[in-house]
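Each chain, written out:
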Amino acid sequence: MSRRIAVIWFPHLVTDRFLRKQPELKDIPFVLVVNERGRRVVKAINALAQEKGIRVDMVLADCKALLPELTVCDYDEAEPKKLLTALAEWCIRYSPFISIDLPDVLILDVSGCTHLWGGEQNYLNDIHKKFNAFGYTIRSAMADTIGTAWAVCHFGNSGSIIETGKEVKALTSLPNTALRLEPSIIDKLDKLGLKTIGSFITMPSSALKRRFGQSILKRLAQALGEEMEITEPMQPLIPFQKRLPSLEPIRTAEGIEIAIKTLLQMLCERLQQEMKGLRKCTLTCYRLDGVVVKTEIGTSKPSRNTLHLYKLFENKISQIEPDLGIELFVMDALVVEELHSSQDALWTVSGKDESVIAELLDRLSGKTGVQAIHRYLPAEHYWPERSFKNATSLSEKASTEWRTDLPRPLHILPVPELIEVSVPIPDYPPLLFRYKGVIHNVKKADGPERIEQEWWLQQGLYRDYYCVEDEHGSRYWLFRSGDYDSGNVKWFIHGFFT
Amino acid sequence: MRKVADRVMIEQLQQQIEKLQQNHVPPADQPLSIGLGIMEAAFPGKVFTKGAVHELISNTAEEATCTSGFISVVLGKLMPNSGYCLWISTVPRRSVFPSALKGFGIDPERILFVDAGRTKDTLWAVEEALKCNALVAVVGEITELTFNDSRRLQLAVEKSHVTGFIHRFRPKTENAVACVSRWKIKSIVSAAGETPGVGFSRWHVELLKVRNGKTGNWQVQWSPKGLEYILPEQIIIDEIDERQIG
């Protein structure tokens with residue numbers, strides 16, 4: 001079977017996209033411009049502007065002279081490529097082999113695809129219908145070669161299908177620019193009056209080569225199918241998803257275990273090939289009665305260790321209720337990150353230890369939740385509650401040193417608790433205090449250490465901290481909030497020293 | 001003659017029993033002591049038993065603090081420069097202030113705090129952590145520990161050689177468990193120093209049980225210089241009942 005090619009041309013690619021975003025511009029002629037060497041040059045136009053005689057690469061001032069009410073917007077240079085790639089990805093439903101030809105052409109290898117739409121004409125009609133519904137104006141053509149399809153698409157009737165062996169007939173009436181030749185060759189052809197392809201297609205190749213060089217022969221051969229034209233197909237992004245249908249509905253925990261292991265094996269093999277590691281993964285179980293059961297796991301480091309990931313799922317198996325049975329398992333890796341198999345992990349023991357610990361933490365957080373695990377780093381604050389912060393990873397380093405010059409209790413109360421005190425004179429540590437109904441006589445005391453509120457974070461009273469020891473040798477961290485002058489004094493216990 | 005033969009036989013049998021029991025005898029190439037001083041003489045082989053589970057009991061908030069302090073000191077000796085430690089506690093009772101840990105010779109960023117939900121989850125987490133041989137030590141704050149549970153923990157460390165500390169705060173009963181030792185730490189009145197005010201922390205360390213060792217009790221002082229033992233003649237409680245304010 002011969003190769004069949006469909007070419008889709010978007011004459012107003014960027015402006016059509018612009019209209020999709022801003023539908024209010026629909027009935028207004030507008031252009032997209034870019035600053036080029038001190039001038040504003042038109043880079044894209046809509047159909048209405050084209051009707052008024054405006055062309056791409058004109059200077060904006062000239063366009064304004066033609067059409068004073070012209071609307072002007074900015075043009076993004078990266079837009080065509082982004083847009084065309086996205087459209088190509090969408091077109092993967094029509095053919096597995098799609099290449100993009102900048103700035104505005106998609107080339108589809110449709111060999112063996114068209115019968116699924118009931119013939120080539122229906123195939124092209126469907127493409128037209130879908131793109132028109134999106135708001136894109138397209139022209140298309142189908143032929144055995146890219147050259148012919150491209151030429152007919154741009155200069156022939158839109159939607160025409162050139163049958164095998166009829167290329168020469170189709171090309172004869174088209175202008176010489178339809179062959180994708182270099183501008184210098186087209187100039188020469190025009191000078192010699194060879195305006196259509198038909199006027200030189202029958203000339204002997206030696207004569208053409210002598211006058212116009214090798215490239216015209218190559219383009220002709222490509223259009224007629226004598227020479228293969230190679231294009232680079234777009235690589236579609238395949239989601240990290242694995243499916244496992246089961247012959248019989250699965251109802252036992254053992255069956256689920258096997259399913260998870262198989263899926264993880266498949267997923268990790270692909271992750272291995274692409275040097276990726278998994279951060280978040282879901283398992284979706286489709287039950288016989290139509291209910292969908294979902295479980296999710298997360299890791300603190302990218303991982304593609306089947307055993308480790310399985311252990312994370314192991315804790316969740318009991319939550320999966322098979323009921324009548326599960327007929328399909330789908331595993332999606334929702335978040336993946338780069339993970340290179342680094343060699344240093346083999347050499348330094350600490351690196352290996354860290355990954356083992358990270359795996360342990362993943363298991364623990366699977367049961368207790370991520371918010372239950374903390375690693376603390378020093379923070380530059382005097383206020384005790386803010387003197388440390390949560391580290392986000394195992395390898396995060398402290399940006400400042402831990403302070404050891406000020407006395408800090410080893411045990412701290414999450415919220416300071418009110419105590420009753422007896423104080424001889426203001427600014428003195430208490431003689432005795434009552435905490436939870438027990439009276440402690442203060443024998444030794446240090447302080448006060450005044451800690452002011454950080455006004456840029458929080459408003460409130462300062463604290464005067466005292467470190468006191470009672471008659472049994474127990475030590476406490478007490479503070480007075482506020483001063484006696486204001487008459488609003490409260491004493492609190494905040495921690496225990498060793 | 002027969003008596004001598006019997007004695008030799010009994011000695012041989014005892015050695016065999018010790019071999020079977022002491023599956024945590026430190027290998028010869030390890031440094032002999034971890035730096036806890038004369039306290040270590042109480043343990044078999046005169047070295048603090050690593051790769052085993054130690055039990056510590058406290059009954060008041062003050063005792064709990066001293067117990068945490070003592071654990072921190074031992075942790076500081078066990079992981080002087082590298083390694084990680086897991087500190088697992090039941091949710092409402094974790095009160096360790098990370099900023100203060102540096103003062104006990106330990107880097108707070110090398111401790112990973114885990115707040116497990118219920119006692120059952122805490123036990124599970126402690127057991128999982130004790131199985132992980134990449135850790136140096138695991139501290140578990142569990143109130144109630146049954147003999148079977150403690151046996152599970154002991155079996156876990158026998159494979160991984162991680163040192164475990166189980167801190168039991170206000171247990172209902174001080175039941176027998178399979179841990180190698182049982183400690184109680186209380187605070188004692190600090191010494192009046194050259195300057196008035198509160199002196200360095202002083203603890204009364206009690207080793208109530210130790211497998212294949214001798215129990216004992218010591219009075220120690222923790223200061224920036226390290227752990228110092230207070231000899232009996234120095235333990236004179238200050239008779240001067242004056243308030244000292246620094």
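Quantities reported herein were computed from a predicted structural model and do not represent experimental measurements.

(A) View of the interface of chain B and chain A. With 45 residues of chain B at the interface, the matching set in chain A holds 43 residues. Listing elements by their share of the side of chain B that touches chain A, those giving two or more residues are helix H2 (61-78), helix H3 (98-101), strand E3 (111-116), helix H4 (119-131), strand E7 (201-210) and strand E10 (244-245) of chain B. Of all the elements, H2(B) adds the most residues to the side of chain B that touches chain A, at seven residues. Looking at the side of chain B that touches chain A, its residues break down into 23 nonpolar, 14 polar and eight charged. As paired elements, strand E13 (residues 373-378) of chain A and E3(B) share three bridges and run antiparallel to each other. Along E3(B), the bridge assignment pairs A:Ile373 with B:Val114.

(B) Here's a closer look at the confidence of the model for chain B. All names here are of chain B. Counting all residues, the mean pLDDT for chain B is 83, and 86% of those residues have values of 70 or more. Summarising per-element confidence for chain B, the mean pLDDT is lowest in E10 (62) and highest in strand E1 (residues 53-58) (93). Long-range and interchain partners of residues 235-240, a stretch whose pLDDT sits below 50, account for five contacts in this model, where long-range means more than four residues apart.

(C) Representation of the sheet that holds strand E10 (residues 276-287) of chain A. All names here are of chain A. The sheet built from four strands is open, its strands ordered E9-E12-E10-E11 with antiparallel pairing. One side of each edge strand has no neighbouring strand; the edge strands of this open sheet are strand E9 (241-250) and strand E11 (292-303). Between one strand axis and the next, the sheet turns through 15° on average, direction left out of account. Pairing geometry for E10 and E11, over eight bridges, is antiparallel. Counterpart to Lys280 in the pairing with E11 is Gly298. Contacting E9, E10 and strand E12 (326-338), helix H11 (residues 253-273) runs over the sheet at an angle of about 160° to E9. Helix-sheet contacts for helix H12 (residues 306-314) involve E10 and E11, and the interaxial angle to E11 is about 140°.

(D) Representation of the sheet that holds strand E1 (residues 5-9) of chain A in the model. All names here are of chain A. An order of E5-E6-E1-E7-E8 is seen for the five strands of this open sheet, with the pairing classed as mixed. Each edge of the open sheet carries a strand with a single partner, namely strand E5 (97-101) and strand E8 (160-161). Where E1 and strand E7 (residues 139-143) come together, five bridges link them in antiparallel fashion. Looking at the pairing, Val7 lines up with Ala141 of E7. Here helix H4 (residues 79-90) sits on the sheet and contacts E5 and strand E6 (105-109); the angle it forms with E5, its principal contact strand, is near 165°.

(E) Representation of unusual backbone geometry within the structure. Residue and element names in this part refer to chain A. Within the chain, Met275 stands out as a residue other than glycine whose phi angle is a positive 55°. With respect to the secondary-structure elements, Met275 resides in the loop between H11 and E10. The phi torsion at Lys436 lies on the positive side, around 55°, for a residue other than glycine. By the secondary structure assignment, Lys436 is in the loop between strand E16 (432-435) and strand E17 (438-451).

(F) Here's a closer look at the packing of helix H1 (residues 13-21) of chain A against H4(A). Residue and element names in this part refer to chain A. Between H1 and H4, the least distance of the axes is 10 Å, while the angle of their chain directions is 80°. With respect to H4, the axis of H1 lies roughly perpendicular. Counted together, Leu13, Val14 and Arg17 of H1 and Glu79, Pro80 and Leu83 of H4 form the full contact between these two elements. Partitioned by chemical class, the residues of the contact of H1 with H4 number four nonpolar, no polar and two charged.

(G) Examining the pairing of strand E19 (residues 475-481) of chain A more closely. Residues and elements named next belong to chain A. The element E19 is largely enclosed, with a buried count of six among its seven residues. The pairing of strand E18 (residues 463-470) with E19 spans seven bridges and is classified as antiparallel. Within E19, the position partnered with Tyr466 by the bridge is Leu478. Examined bridge by bridge, E19 and strand E20 (residues 490-497) share seven bridges and lie antiparallel to one another. Note on E20: the bridge partner recorded for Arg475 is Phe497.

(H) Here's a closer look at the environment of B:Gln221. Residues and elements named next belong to chain B. Relative to the helices and strands, Gln221 resides in strand E8 (residues 216-223). For the pair formed by Gln221 and Phe200, sequence separation is 21 residues and the distance between their alpha carbons is 6.6 Å. Filtering out sequence-adjacent residues up to four positions away, Gln221 remains in contact with Phe200, Ser201, Arg202, Glu228 and Ile230.

(I) Fine view of the pairing of E17(A). All names here are of chain A. In this structure, E16 lies alongside E17, joined through four bridges in antiparallel fashion. Bridging across to E17, Tyr435 finds its partner in Val438. Here seven bridges tie E17 to E18, and the two strands are oriented antiparallel to one another. Pairing of Arg450 across the sheet is with Asp464, part of E18.

(J) Summary view of H12(A). Those residues of H12(A) lying buried are A:His308, A:Leu309, A:Leu312 and A:Phe313. Projected onto a plane normal to the axis of H12(A), the buried residues spread over an arc of 140° and lie on a single side.

(K) Fine view of the environment of A:Ser215. All names here are of chain A. By the secondary structure assignment, Ser215 is in helix H10 (residues 214-224). Residues Ser215 and Leu181, spaced 34 residues apart in sequence, show a C-alpha to C-alpha distance of 7.6 Å. With sequence-adjacent residues up to four places away left out, Ser215 is seen in contact with Leu181, Glu182 and Ile185.

(L) A look at the confidence of the model for chain A. Residues and elements named next belong to chain A. Here chain A averages 84 in pLDDT, while 97% of its residues score no lower than 70. No element of chain A has a lower mean pLDDT than helix H13 (residues 344-347), at 33, and none a higher one than E16, at 92. Predicted confidence is poor over residues 342-350, with pLDDT under 50, and the contacts of this stretch with residues over four places away or in other chains come to four contacts.

(M) Quick peek at the nonpolar core. All names here are of chain B. Membership of the largest hydrophobic core comes to 83 residues, with the highest contact counts inside it found for Cys85, Ile88, Ala129, Leu135, Ala137 and Val138. Top contributing element to this core by residue count: H2, with eight residues. Apart from residues no more than four positions distant in its own chain, Ile88 is found in contact with Val114, Ala116, Thr122, Ala125, Val126, Ala129, Val138, Val139, Gly140 and Glu141.

Conventions we followed
- Residues numbered from 1 in each chain as written.
- Chains lettered and ligands numbered in written order.
- Predicted model: local features only at pLDDT ≥ 70, side-chain atom pairs only at ≥ 80, totals over all residues.
- Contact = placed C-beta atoms within 7 Å.
- Helix = DSSP H or I, 4+ residues; strand = E, 2+ residues; numbered from the N terminus.
- Nonpolar A, V, L, I, M, F, W, Y, C, P; charged D, E, K, R; others polar.
- Pairing = 2+ DSSP bridges.
- pLDDT = per-residue confidence, 0-100.
- Axes fitted to C-alpha atoms, helices over the stretch in contact; angles between N-to-C directions.
- Parallel < 35°, antiparallel > 145°, perpendicular 65-115°, else oblique.
- Buried ≥ 20, exposed ≤ 12 C-beta atoms within 10 Å, placed from the backbone.
- Arc of directions from axis to C-beta.
- Core = buried A, V, L, I, M, F, W, Y, C linked by C-beta atoms within 7 Å.

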